[in-house]
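Structure assessment
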Amino acid sequence: MKSRHFGTILYYEIKKIVANRFTLIALIVLAGYSLLQGICQAEQTGDYAAKTRELRRAVDGRIIDDELLKEMTDSTDEYGVLWNESNCTYEALADWVRDIVDYGRPLADYRAEDIYEARLDAIYEAMDMQYLTTGEREYWKAKEESLSKPFIWHSADEALGLADIISSTPIIMLLMIPLFLSQIFAGEVKDRTDPLLRCTQGGLGLTYGAKITAAVIVTTFLVVFSDAISLTVSYILWGNNGWNAAVQVIMPMSPYNMTMGEMIGRMFITAFSCSIFLTIVTCFLSECLNNPVAVMGTVFGGFLTILALARQIPLSLRPLSQILYLLSPVDMTSVRGLYELRLIGTGGHYLTAWQFAPLLYLCISAILIVAGRFVYMRKGKL
Amino acid sequence: MELKADMLTKQYKNKTAVDGLSFTLSKGVTGLLGANGAGKTTLMKMICGLLTPTDGKITYDGMEVSEEGYRNILGYLPQDFGYYPDFSGYDFLMYFAALKGLSRHDARVRTEELLELVALTDVARKKVRTYSGGMKQRLGIAQAILGRPEVLILDEPTAGLDPKERVRFRNLIEEIGKECIVLLSTHIVSDIEHIADNLIMMRSGHIIWQGNWSEEEGSLEDFYLREFGEDK
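Model, not experiment: these values are computed from the prediction.

**Quick notes on the overall build of chain A**
Check the secondary structure of chain A and you find 18 helices and two strands. Relative to all contacts within chain A whose residues are 6 or more apart in sequence, the contacts with residues 24 or more apart total 77%.

Structural data, given as structure tokens:
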């Protein structure tokens, strides 16, 4: 069998996936959703964000020190909760401070030094809660020390909006991937075309490879199509202000040393690898279950079960809790990933959750591809 | 050109679908006659390598049917012919041409030739879902002979064809049978009585008669009705 046939078989495998009446409807729905997401992401408070944009940016680039904090406390009530369209310059900063310190005390009680100290205490407390080893603590202490302090303030609503778009990718793909791919193998059995394929020269190994490749191409298209629409619309309408700010402006208790832009890049890699993972799981289940509806149910059920367990299993059961967290795409593609301090590795060589999760997804995918090929080659030979 | 089955058995949990069959097929049309449940489809699936025999083996010129090379010379039309409803007839044949290893140019030429042969040229670009039962069956036949097979297995190929199409199909199979081994299963005697060079009759997993009926006296249909009267 010449390799040039792979291209033709791949073309027809893609055609099998997309050439049905639901494809156009699904793409229109996806495009509409992505467009709305791009428009709405920075407009969560009506037109408040648009009207107050210039005011909120007025203190961008300022060091978070006593002087800036004094300006903030002078411009609002003592707890920093009353803001309006004309005095919202320090609103995000007040939220930032209240994320770190005790809610019950007036903001004026805190000097910059107290806030930085409370932040460090919170990080150490998180280390205890997550049952970090000595090596992991040393790792994060070194990271913390590498942070440039005092922090530079930057409003980051726009960059955070871009991050929110990436965060929603796994959920959208959870709906789209089973819709497009649950039939990839099961459909051949349902439509009784499986025996025809198996009686041809390219019907086994080559077809299996073409099906998996076609599934990955379709998923890549869906992810790029959806995210490109949302991100482009959001960027055009709202910009990417905060892209170069440190992630501590949105997640103050994180010791990660990265900018918002880097964080969005990491989240996209995780979301994309997670989508590939979902694709391969769907293909594998389609092969094993032979029933598209059962495939969809199992993918949804598995996804939600992992999500629920990742939140329910106590952190003290660290290996289980950690692996479930890593396997939970909703958590791994959220900015809350900045608070995941549990590392993978030993002896000073560690990977963070965001570094490891894509590798984990791709490794499991590779194992499922190999197992799936084994199942496919043996299937029907009863 | 010889397809040989030796003590072929297929056992399911509580049933022996095929029980110790031995036969040799050579160039020409062989009719496989038997009532529903006789084991015809199981036998054909084993010949196609889709089912593994519990015992015995099938070889084509010394090559086992489980070998990859065997699929190069195999053409198969199953009883329930499956198709891709959103493919056109042309796409369907082009896809299978690629699976059967034809070059793009050869695939195009062969596809057009076969569409002409099975009288589907006019509807070649229409989706298969819009085809009638007979048109789908003709497309299935075209798919089976696409790769110029040396072994052609046709499981109840005339199901769904109208009388006129049946005649066309018989002539087509007779022609193909001059060049390759054709095994055609049916429970309709008239489908094969004039074109089959040899016959195998099956009942309950066993061969009850095999040979060249033209050397026998009497009507094949009468013999068939006598043998399978209770099963029908």
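More follows now that the structure is in view.
**Description of the overall build of chain B**
From N to C terminus, chain B includes eight helices and 10 strands. A compact globule built from 232 residues should have a C-alpha radius of gyration of about 17 Å, and chain B, at 18 Å, falls within 12% of that. Dimensions of chain B, computed from the C-alpha atoms along their principal axes, are close to 45 × 40 × 35 Å. Residue burial in chain B is summarised as follows: out of 232 residues, 47% are buried. Here the contacts in chain B between residues at least 6 apart in sequence split such that 69% fall between residues at least 24 apart.

**A look at the sheet that holds strand E1 (residues 2-11) of chain B**
Residue and element names in this part refer to chain B. Read across the open sheet, the four strands follow the order E2-E1-E4-E5; overall the sheet is antiparallel. Of all the strands in the sheet, just strand E2 (16-26) and strand E5 (63-64) have a single pairing partner and so form its edges. Sitting on the sheet, helix H1 (residues 40-47) touches E1, E2 and strand E4 (55-60), and the angle it makes with E2 is about 60 degrees.

**So, the domain arrangement of chain A**
Residue and element names in this part refer to chain A. Each assigned domain of chain A is listed with its residue range as follows: domain 1 (4-43 + 156-378) and domain 2 (48-146). One C-alpha centre belongs to domain 1, the other to domain 2; they are set 34 Å apart. The interface is formed by 20 residues belonging to domain 1 together with 22 residues belonging to domain 2. Its residues assigned to classes, the side of domain 1 that touches domain 2 shows 11 nonpolar, five polar and four charged.

**Considerations on helix H6 (residues 163-176) of chain B**
All names here are of chain B. The terminal C-alpha atoms of H6 lie 20 Å apart, and with 14 residues this matches the ideal 20 Å at 1.5 Å per residue to within 8%. Listing the buried residues of H6 in full gives Phe-169, Arg-170 and Ile-173. In a view along the axis of H6, the buried residues occupy a sector of 105 degrees, so they form one face of it. Counted as exposed and oriented over 90 degrees from the buried face of H6: Lys-164, Val-167, Asn-171 and Glu-175. Next to the buried residues of H6 lie strand E3 (28-34), helix H5 (133-145), strand E8 (181-186) and helix H7 (189-192).

**Some points on unusual backbone geometry**
Here the residue pair Lys149(A) and Pro150(A) is connected by a cis peptide bond, since its omega of 0 degrees sits within 30 degrees of zero. As for its position among the elements, Pro150(A) is in the loop between helix H8 (134-146) and helix H9 (157-167). The residue Ala119(B) is not glycine, and still its phi comes out positive at about 55 degrees. Locating Ala119(B) in the fold gives a position in the loop between helix H4 (104-117) and H5. For Glu156(B), which is not a glycine, the phi torsion comes out positive at approximately 50 degrees. Residue placement: Glu156(B) occurs in the loop between strand E7 (151-155) and H6. With 23 C-beta atoms counted inside 10 Å, the residue Glu156(B) sits in the buried group.

**Examining the sheet that holds E8(B)**
All names here are of chain B. Strand order in the open sheet formed by six strands is E6-E7-E8-E3-E9-E10, and the pairing between neighbours is mixed. Edge positions in the sheet fall to strand E6 (74-77) and strand E10 (206-211), since each has one partner strand and no second. Looking at each pair of strands side by side, their axes are set apart by 15 degrees on average, direction ignored. Relative to strand E9 (residues 198-203), E3 runs parallel, the two sharing five bridges. When the sheet's bridge partners are listed, Thr-30 is paired in E9 with Asn-198.

**A closer look at helix H8 (residues 220-228) of chain B**
Residues and elements named next belong to chain B. Those residues of H8 that fall on the buried side of the exposure criterion are Leu-220, Tyr-224 and Phe-228. The buried residues of H8 all sit within an arc of 40 degrees when viewed along its axis, so they share a single face. Along H8, exposed side chains directed more than 90 degrees from the buried face belong to Asp-222, Leu-225 and Arg-226. On the buried face of H8, the contacting elements are E3, H7 and E9.

**Looking at the packing of helix H10 (residues 169-181) of chain A against helix H13 (residues 205-238) of chain A**
All names here are of chain A. Packing of H10 against H13 leaves a shortest axis separation of 11 Å and a crossing angle of 140 degrees. In terms of their interaxial angle, H10 and H13 are classed as oblique. Handedness of the H10/H13 crossing: right-handed. Touching Thr-169, Ile-172, Met-173, Met-176, Ile-177, Phe-180 and Leu-181 of H10 are Ala-215, Val-218, Thr-219, Leu-222, Val-223, Ser-226 and Asp-227, all from H13. Residue composition of the contact of H10 with H13, by class: 10 nonpolar, three polar and one charged.

**Some details on the packing of H9(A) against helix H14 (residues 260-289) of chain A**
In a packed pair of helices, the relevant descriptors are the angle between the two axes and the axis-to-axis distance. All names here are of chain A. Interhelical geometry of H9 versus H14 gives an angle of 10 degrees and a closest axis separation of 9 Å. Our classification of the angle between H9 and H14 gives roughly parallel. Taking contact as the criterion, the partners of Ala-159, Leu-162, Ala-163, Ile-166 and Ser-167 in H9 are, on H14, Met-260, Met-263, Ile-264, Met-267, Phe-268 and Ala-271. When its residues are assigned to classes, the contact of H9 with H14 shows 10 nonpolar, one polar and no charged.

**Some thoughts on the confidence of the model for chain B**
Residue and element names in this part refer to chain B. In the predicted model, chain B carries a mean pLDDT of 89, and 98% of its residues have values of at least 70. Of all secondary-structure elements in chain B, the lowest mean pLDDT belongs to H8, at 77, while helix H3 (residues 89-99) reaches the highest, 96. With a pTM of 0.89, the predicted complex shows an ipTM of 0.90.

**Considering the domain arrangement of chain B**
Residues and elements named next belong to chain B. Per the domain assignment, the segments of chain B are domain 1 (1-73 + 149-232) and domain 2 (84-148). On a C-alpha basis, the centroid separation for the pair domain 1 and domain 2 is 25 Å. At the junction of the two partners, domain 1 supplies 11 residues and domain 2 supplies nine residues. Mapped onto the side of domain 1 that touches domain 2, the elements with two or more residues apiece are E7 and H6. Looking at the side of domain 1 that touches domain 2 element by element, the count peaks at three residues for H6. Taken together, the residues of the side of domain 1 that touches domain 2 break down into seven nonpolar, two polar and two charged.

Conventions we followed
Residues numbered from 1 in each chain as written. Chains lettered and ligands numbered in written order. Predicted model: local features only at pLDDT ≥ 70, side-chain atom pairs only at ≥ 80, totals over all residues. Helix = DSSP H or I, 4+ residues; strand = E, 2+ residues; numbered from the N terminus. Contact = placed C-beta atoms within 7 Å. Rg over C-alpha atoms; globule rule 2.2 N^0.38 Å. Buried ≥ 20, exposed ≤ 12 C-beta atoms within 10 Å, placed from the backbone. Pairing = 2+ DSSP bridges. Axes fitted to C-alpha atoms, helices over the stretch in contact; angles between N-to-C directions. Domains from an automatic or database assignment. Nonpolar A, V, L, I, M, F, W, Y, C, P; charged D, E, K, R; others polar. Expected span 1.5 Å × (residues − 1). Arc of directions from axis to C-beta. Parallel < 35°, antiparallel > 145°, perpendicular 65-115°, else oblique. Left-handed = near helix turned anticlockwise from the far one by under 90°. pLDDT = per-residue confidence, 0-100.

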